[in-house]
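If you want the building blocks of each chain, they are given just below.
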Amino acid sequence: MNEQALARPDLPQVVASAPWIRRVPLRSPTLPPATHTNAYVLGESELLVVDPGSPWPDAQALLWDSLHALRAQGHTLRAVLLTHHHYDHVSGAAELARALGVPLWAHPDTQRRLSNQPELTIGERVRDGDLLPFGPRGLRVLHTPGHAPGHVCLVDEAGGGLIAGDMVASQGTIIVSPQDEGDMALYLSSLRLLLARGPQRVWPAHGIAVEEGDKLLLRYLQHRLLREEKVVRALQTGASTLTALLPLAYDDTPAALYPLARESLLAHLLALVTTDRVETSSNETDPEPTYRLR
Ligand SMILES: [Zn+2]
């Protein structure tokens, strides 16, 4: 995999990995323009696999070959951890865990979301604050809901690196979809929580690792807050429905992306409702709910 080929030119780039953090980009059914989900293989002698998210045999074979090579070198595989329930993160996990004879780990809210997929039985639940015994000083679990209710990140307690899941990306877009239990208010809180940790290096699920990870997190937070401001300004015009607000709040977005933008707009409006800045009403005669500034 050519690191430069996936790079965004505006982000500082990492060429060398921490030796115990191994990134295996797998072609996956993810949201374009991203094409791959990074599986991570973390640890020194004991290993944790994170997000083996491809259902496709050629991609799975790539990961399995890497893991067989590590086993041959004397490493022991302990578990497969899922950062959240999305298909492009979990779809190779059941086969892999079965083949390796290891349990699946996830947050209880991810377990709930996967409960309709019996093959993805979570063997052990991880919670905010847990210290997982991988790497020189362990990996701290941070519960970071918003993109998904059970989303977790892992902080490298030795070097301040962050396995970020879908909190941020260096390729593609992070969606916060209320239809899928996405919650913008929680997402913004989780970004602030991660920023407070001041991570030096961020390892996202999509795209290459990013140095000065705090700057990446700050950029994501500022981008969302600017959008929130645009939503407020659109409400100030008197527009009150999603349909009327969309072209005002997303006037910089191509119409082809409006279906995704509409989800994002709804997420922002619900966050403004949560923080008491907007009230919403809907009744039988309204074709769609209305939103007004308080
Ligand atoms: Zn996701």
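Residues numbered from 1 in each chain as written. Predicted model: local features only at pLDDT ≥ 70, side-chain atom pairs only at ≥ 80, totals over all residues.

Some thoughts on the overall build of the protein
Consideration 1: A count of helical and extended segments in the protein gives eight helices and 14 strands.
Consideration 2: Radius of gyration (C-alpha) of the protein: 20 Å, near the 19 Å computed for a compact globule of 294 residues.
Consideration 3: Each principal axis of the C-alpha atoms in the protein carries an extent, and together these give about 65 × 40 × 35 Å.
Consideration 4: Put simply, of all contacts in the protein between residues at least 6 apart along the chain, 58% involve residues at least 24 apart. (Helix = DSSP H or I, 4+ residues; strand = E, 2+ residues; numbered from the N terminus. Rg over C-alpha atoms; globule rule 2.2 N^0.38 Å. Contact = placed C-beta atoms within 7 Å.)

Regarding the domain arrangement of the protein
Consideration 1: Domain assignment breaks the protein into domain 1 (3-223) and domain 2 (230-293).
Consideration 2: For domain 1 and domain 2, the distance between their C-alpha centres works out to 31 Å.
Consideration 3: On the side of domain 2, ten residues touch domain 1, which itself brings nine residues to the contact.
Consideration 4: Among the residues making up the side of domain 1 that touches domain 2, the classes are represented as six nonpolar, three polar and no charged. (Domains from an automatic or database assignment. Nonpolar A, V, L, I, M, F, W, Y, C, P; charged D, E, K, R; others polar.)

Some details on the packing of helix α6 (residues 213-236) against helix α7 (residues 242-249)
Consideration 1: Viewed as axis vectors pointing N to C, α6 and α7 meet at an angle of 125°, and their least axial separation amounts to 9 Å. Of the possible angle classes, the one that applies to α6 and α7 is oblique. Viewed along their axes, α6 and α7 form a crossing whose handedness is right-handed. Of the residues in α7, those touching α6 at Lys230, Val231, Ala234 and Leu235 are Leu245, Leu248 and Ala249. (Axes fitted to C-alpha atoms, helices over the stretch in contact; angles between N-to-C directions. Parallel < 35°, antiparallel > 145°, perpendicular 65-115°, else oblique. Left-handed = near helix turned anticlockwise from the far one by under 90°.)

What about the sheet that holds strand β12 (residues 210-211)?
Consideration 1: Read from one edge of the open sheet, six strands run β7-β8-β9-β10-β11-β12, paired in mixed fashion. Strands at the two margins of the open sheet, each flanked by one partner only, are β7 (131-132) and β12.
Consideration 2: Note: β7 against strand β8 (residues 139-143), two bridges, orientation antiparallel. Considered in β8, the bridge of leucine 131 is made with arginine 140. (Pairing = 2+ DSSP bridges.)

What to know about the sheet that holds strand β6 (residues 122-125)
Paired through backbone hydrogen bonds, the strands of a sheet run either parallel or antiparallel to each other.
Consideration 1: Sheet architecture is open: six strands sit in the order β1-β2-β3-β4-β5-β6, paired in mixed fashion. Single-partner strands in this sheet number two, and they are β1 (21-27) and β6. Averaged over all pairs of adjacent strands, the angle between strand axes in this sheet comes to 30°, irrespective of strand direction.
Consideration 2: Examined bridge by bridge, β1 and strand β2 (residues 36-42) share seven bridges and lie antiparallel to one another. For arginine 22, the partnering residue across the bridge sits in β2 and is valine 41.
Consideration 3: Where helix α1 (residues 57-72) meets the sheet, it contacts β1, β2, β3 (46-50) and β4 (76-81), and its direction lies at approximately 155° from that of β1.
Consideration 4: This element, helix α3 (residues 93-100), spans β3, β4 and β5 (104-106) of the sheet and lies at about 155° to β4.

Quick word on the confidence of the model for the protein
Consideration 1: On average, residues of the protein score 91 in pLDDT, and 94% of them reach the 70 mark or higher.
Consideration 2: Taken as a whole, residues 1-16 scores under 50 in pLDDT and shows 23 contacts with residues more than four places along the chain or in a different chain. (pLDDT = per-residue confidence, 0-100.)

Observations regarding the packing of α7 against helix α8 (residues 258-274)
Consideration 1: Close contact between α7 and α8 brings their axes to 10 Å; oriented N to C, the two are set at 105°. Our classification of the angle between α7 and α8 gives roughly perpendicular. Counting all contacts with α7, which are made through Leu242, Leu245, Leu246 and Ala249, the residues of α8 involved are Tyr258, Ala261, Arg262, Leu265 and Leu266.
Consideration 2: Considered class by class, the residues forming the contact of α7 with α8 number eight nonpolar, no polar and one charged.

Comments concerning α6
Consideration 1: Here α6 spans 35 Å end to end across 24 residues, near enough to the 34 Å set by a 1.5 Å rise per residue.
Consideration 2: Here α6 has its buried residues at Gly213, Leu216, Leu217, Arg224, Arg227, Glu228, Val231, Ala234 and Leu235.
Consideration 3: Backbone geometry just after α6 places glycine 238 at a positive phi near 100°. (Expected span 1.5 Å × (residues − 1). Buried ≥ 20, exposed ≤ 12 C-beta atoms within 10 Å, placed from the backbone.)

A look at the nonpolar core
Consideration 1: Core analysis: the biggest nonpolar cluster contains 74 residues, and Leu42, Leu48, Leu81 and Cys153 have the highest contact counts within it.
Consideration 2: Formed jointly, this core draws a minimum of three residues from each of two domains, domain 1 (3-223) and domain 2 (230-293).
Consideration 3: Those residues within four positions of leucine 81 in sequence are excluded, and the remaining contacts are Leu48, Val50, Trp105, Ala106 and Val126. (Core = buried A, V, L, I, M, F, W, Y, C linked by C-beta atoms within 7 Å.)

A word on helix α5 (residues 184-197)
Consideration 1: In a regular helix each residue adds 1.5 Å, so 14 residues correspond to 20 Å; α5 covers 20 Å between its end C-alpha atoms and thus fits that length.
Consideration 2: If you check which residues of α5 are buried, you get Met184, Leu186, Tyr187, Leu188, Ser190, Leu191 and Leu194.
Consideration 3: Buried-residue contacts for α5 involve β9 (152-156), β10 (162-165), α6 and α8.
Consideration 4: Just downstream of α5 lies glycine 198, where phi reads positive at about 55°.

Observations concerning the pairing of β4
Consideration 1: Where β3 and β4 come together, five bridges link them in parallel fashion. For leucine 47, the partnering residue across the bridge sits in β4 and is leucine 77.
Consideration 2: Running through α1, the crossover from β3 to the neighbouring parallel element β4 is right-handed.
Consideration 3: Sheet topology places β4 next to β5; two bridges connect them, and they run parallel. The residue bridging valine 80 from the neighbouring strand is leucine 104, located in β5. (Right-handed = clockwise from strand over helix to strand, strands pointing away.)

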